[in-house]
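Chain and residue survey
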Amino acid sequence: MNNFDILVIGGGHAGIEASRISAMMGAKTHLLTMLVENIGLASCNPAIGGLGKGHLVKEIDALGGAMGFLTDQSGLQYRILNASKGPAVRGTRAQIDMDLYRIHARNLILNTQNLSVSQEVVDSLICKGQKIVGVKTNIGKTYYAKKIIVTTGTFLRGLVHIGESKSHNGRFGEDSANNLSMSLKELGFELGRLKTGTCPRVDGRSIDFSQLEVHYGDEIPPYFSYHTKEFNPKQLPCYVTYTNEITHQYIRDNFSRAPLFTGQIEGVGPRYCPSIEDKVNRFADKERHQLFLEPQTFDKVEYYINGLSTSLPFDIQEKMIHSITGLENARITRYGYAIEYDYVNPTALWHTLETKLIKGLYFAGQINGTTGYEEAAAQGIMAGINAVLSLKKDEERFKGCFGDLEELVLRRDEGYIGVMIDDLVTKGTNEPYRVFTSRAEYRLLLREDNAIFRLGEYAYKLGLMQEEEYQRLKQDQEDIFQGMEFLKNTILTPSKETLKLLENLGEAPIGDKCSAILVAGRDSFDDKKLEKFAPMFGNMSKRAKEQIKILAKYDAYIQKQMLSVAQMDEMLKVRIPKDFVFDGIAGLSLEVVEKLNKFRPSTLFHASNISGITPASLDVLHLYIHLHHKKRAENVGC
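Residues numbered from 1 in each chain as written. Predicted model: local features only at pLDDT ≥ 70, side-chain atom pairs only at ≥ 80, totals over all residues. Heavy atoms only, no water.

Secondary structure summary: the protein chain contains 21 helices and 24 strands in total. With 638 residues in all, the protein chain has 57% of them scored as buried. Taking the contacts inside the protein chain whose residues are at least 6 apart along the sequence as the reference set, 72% of them involve residues at least 24 apart. Summed over its atoms, the accessible surface of the protein chain is roughly 27400 Å², and 51% of this surface lies on carbon and sulfur atoms. Each charge class in the protein chain was averaged separately, 77 positive and 79 negative side chains, and the resulting centres sit 2 Å apart. (Helix = DSSP H or I, 4+ residues; strand = E, 2+ residues; numbered from the N terminus. Buried < 20%, exposed > 50% of the residue type's maximum accessible area, 1.4 Å probe, protein only. Contact = heavy atoms within 4.5 Å. Areas by Shrake-Rupley, 256 points an atom, 1.4 Å probe, with all protein chains shown as cover. Lys, Arg positive; Asp, Glu negative; His and termini not counted. Charge placed at Lys NZ, Arg CZ, Asp CG, Glu CD.)

So this is what it looks like as structure tokens:
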């Protein structure tokens, strides 16, 4: 009765994706969560996506995940950030109705075939040797599973701070998971301590909106999921206000009561998302800081004050909020707080997110040192996929499934998910890790708009894409290839015919001989002009034509990145055996050997990403890996 293929601990954004994808792939899956009604709760900012994060959501969606269409079902404002910049650094962001999102997420999980749910707290992990076999919960119940995925968020020894007040919570008002932390430590995992925070919420009926700047969503709202059709959601505005010198003085006068400065908080917080007291301290010359008032639901009862993350005492939170324009009479419904929690340094993981220490045990989300719903969800879906793929080796019913995939490890040129996991596993983190577009060296290849083209083939092999959609994808890919070949091979000269054609298209003339791809790559060259330029484009889908225009615009730069990817591919082919011995290799320094033993990279390329591993070290390592394989082949021959 309590035996499963996959057991998932935690019903947050990582747990949703991990449990759902496992079940969809045919594994008997069970989700253990503290509160069923809080599955998918947006415990901090009521928003999905953003710069870098929007890319993750698109990739999750392309792989068959839920976050994209859950957002499209519950969004109340949609925008493309960096819209005026190139497509590589644009990011889709949506404000969500946090209640609607949670309801849709919970109902989706409860209605997923092969997936069961129960409301219990996991106290300990059960191992047999170095292999996971089950868990024991707070009510004394034992569950057994072949693979277990831990997605505990901020609940591992969670400690909430509001001024001098401290409480053991995973989220304010919910118990922390203290026993599970101790169980992980007993198994040999080294636990670190991180900190994050959230902003106060205020009653929307007590805000003076007449004094605030209004920010609307995009007139044509962008959506996340390729499954979404006929998208025309109701959108609500957000509002902008600012802190001022009075606000800052209240904060400065109470640094002595701020847990961040008194030593009360031990965990490391995110540098890129500092609390308001940290901003006032570090940027003392700034006269004001921008704040966004974001509705948490369609009924606009509560507004989230984005930019005002704080753990100051409640009385100081009240004073500083009442000093802000438009919030003079605001009623606080929820105070801001900081939360500390345990995490495991992600260098303890393989790229599949399976732990190196315990076979069959996977970690995903904030337990790996990340922050953000999107980062958690992306890890969740990858852990779920890899946990099921690992069943192919031992489970007869999975043999022959999922094509030639034995594991799914995305390369750095295939997805931001690949960049994130590679960063975490090879470099580790000592602060909450967040995805930015700047983290990717192949940004032009990793755009939001082409996520389905990059990852759709994997979804199809995993049984997560319908045949009809896959055939549309293949047709678009063929059309894009043919269209690009046509543009590259069509040479234009400044002849009368060409100049007349360009004039009719409303395009500037050319002065020299050039490829048609240069004309098609102009900002002014739209779908209609593309169709008039050559009849073949008239039969293509909108998304195929969109890809052709983008590829034409950045063709020279994309070709350079493709050459770099080819070099990376060669290094990725050189796999480092799991039993490879680094000690005693002549030419490797003790520091390099120590790092290689600590991180245990799976390929030569992953070794190259470790700080301090020099090109000379890689050459030596490459030679010894070759000798290792040669010696093993000779022994097999004997």
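Here the idea is simple: oppositely charged side chains can pair when their charged atoms come close. Under the defined criterion, the tally for this structure stands at 44 salt bridges. In this structure, arginine 397 engages aspartate 5 in a salt bridge whose closest nitrogen and oxygen atoms are separated by 2.2 Å. Of this pair, arginine 397 sits in the loop between helix H10 (373-390) and helix H11 (416-427) while aspartate 5 sits in strand S1 (residues 3-9), and the two are 392 residues apart along the sequence. Between arginine 412 and aspartate 423 there is a salt bridge, and its shortest N-O distance comes to 2.9 Å. Here the residue arginine 412 occupies a position in the loop between H10 and H11, and aspartate 423 occupies one in helix H11, the gap between them amounting to 11 residues. Each member of the pair, arginine 412 as well as aspartate 423, carries the same accessibility label: buried. Members of the salt-bridge network, linked through shared partners, are Arg412, Asp422, Asp423, Lys427 and Glu441. (Salt bridge = Lys/Arg side-chain N within 4 Å of Asp/Glu carboxyl O.)

Glancing now at the packing of helix H2 (residues 53-62) against helix H12 (residues 451-461). At their nearest, the axes of H2 and H12 sit 8 Å apart, and the two run at 35° to each other. Handedness of the H2/H12 crossing: right-handed. The segment H2 lies against H12, with Lys58, Glu59 and Ala62 engaging Ala451, Ile452, Arg454, Leu455, Gly456 and Ala459. Each residue belonging to the contact of H2 with H12 can be placed in one class, and the counts come to five nonpolar, one polar and three charged. (Axes fitted to C-alpha atoms, helices over the stretch in contact; angles between N-to-C directions. Left-handed = near helix turned anticlockwise from the far one by under 90°. Nonpolar A, V, L, I, M, F, W, Y, C, P; charged D, E, K, R; others polar.)

Glancing now at the side chain of glutamate 507. Its location among the elements puts glutamate 507 in the loop between helix H14 (496-505) and strand S24 (514-515). Among the polar contacts listed, one links the side chain of glutamate 507 to the side chain of lysine 529, at a separation of 2.9 Å. Residues in contact with glutamate 507, not counting those within four places in the same chain, are Leu502, Arg522, Ser524, Phe525 and Lys529. (Polar contact = N/O pair within 3.5 Å; in protein donor to acceptor, adjacent residues only side chain to side chain.)

With seven of eight residues buried, helix H3 (residues 67-74) lies mostly within the body of the structure. The complete set of buried residues in H3 reads Met67, Gly68, Phe69, Leu70, Thr71, Asp72 and Ser74.

Looking now at unusual backbone geometry. The bulk of non-glycine residues show a negative phi, and the bulk of peptide bonds are trans. If you check the backbone angles, glutamate 230 has positive phi at about 50° while not being a glycine. Within the fold, glutamate 230 resides in the loop between strand S16 (213-215) and strand S17 (238-242). Of note in the backbone geometry, leucine 353 takes a positive phi value of approximately 75° without being a glycine. In this fold, leucine 353 is placed in the loop between strand S21 (337-344) and strand S22 (361-363).

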